[in-house]
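# Residue-level structural notes
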Amino acid sequence: LALDLDLLVPISKSPPEAFAIAAAGALSSSAFVLPVLKEKGWEDKPEGIAGLSILLLQDLAVAPILVFLPLVAGEGAQDPPDPG
């Protein structure tokens, strides 16, 4: 993926969009890495355990990001409509 001005300029003008893309890029998927760890026999080595720990922490970070994202986008924590 080539990063050029056609891609970066629209993102830089929208902080919520930039946050969403950065958050998605910062999180990895343990579903892709776990088979590689098993294939290489690293799941019981200290390096594999450390890598798995980081992956699990990143997986846990998804929940707060999903809660925070509507607030960043300006669609969260609004006053409820008046019923009457």
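Residues numbered from 1 in each chain as written. Predicted model: local features only at pLDDT ≥ 70, side-chain atom pairs only at ≥ 80, totals over all residues. Heavy atoms only, no water.

## Concerning the overall build of the protein chain
Broken down by element type, the protein chain carries five helices and zero strands. The order of helices and strands in the protein chain, counted from the N terminus, is α-α-α-α-α. Here the protein chain holds 84 residues, and the buried ones make up 7% of them. When the accessible area of the protein chain is evaluated, it comes to approximately 6,600 Å², of which 68% is carbon and sulfur surface. (Helix = DSSP H or I, 4+ residues; strand = E, 2+ residues; numbered from the N terminus. Buried < 20%, exposed > 50% of the residue type's maximum accessible area, 1.4 Å probe, protein only. Areas by Shrake-Rupley, 256 points an atom, 1.4 Å probe, with all protein chains shown as cover.)

## Observations regarding helix α5 (residues 62–73)
Helix length check: α5 (12 residues) gives 16 Å between terminal C-alpha atoms against 16 Å at 1.5 Å per residue, within 8%. Once α5 finishes, glycine 74 follows within two positions and takes phi at roughly 85°, a positive value. (Expected span 1.5 Å × (residues − 1).)

## A closer look at the packing of helix α3 (residues 30–40) against helix α4 (residues 46–60)
α4 packs onto α3 with a crossing angle of 170° between their chain directions and a minimal axis gap of 10 Å. One element, α3, and the other, α4, form an angle in the roughly antiparallel class. In terms of crossing hand, the pair formed by α3 and α4 is left-handed. Where α3 abuts α4, its residues Ser30, Val33, Leu34 and Leu37 lie against Gly48, Leu52, Leu55 and Asp59. Tallied by class, the residues present in the contact of α3 with α4 amount to five nonpolar, two polar and one charged. (Axes fitted to C-alpha atoms, helices over the stretch in contact; angles between N-to-C directions. Parallel < 35°, antiparallel > 145°, perpendicular 65-115°, else oblique. Left-handed = near helix turned anticlockwise from the far one by under 90°. Contact = heavy atoms within 4.5 Å. Nonpolar A, V, L, I, M, F, W, Y, C, P; charged D, E, K, R; others polar.)

## Focus on the confidence of the model for the protein chain
On average, residues of the protein chain score 77 in pLDDT, and 80% of them reach the 70 mark or higher. Highest mean pLDDT in the protein chain belongs to α4 (88); lowest belongs to helix α1 (residues 5–12) (70). (pLDDT = per-residue confidence, 0-100.)

## So, the packing of α4 against α5
Contact geometry of α4 with α5 gives a least axis separation of 4 Å together with a crossing angle of 25°. Taken together, α4 and α5 sit at an angle that is classed as roughly parallel. Contacts between α4 and α5 pair Gln58, Asp59 and Leu60 from the former with Val62, Ala63 and Pro64 from the latter.

## Quick look at the environment of alanine 23
With respect to the secondary-structure elements, alanine 23 resides in helix α2 (residues 15–26). For alanine 23, a relative accessible area of 10% corresponds to the buried category.

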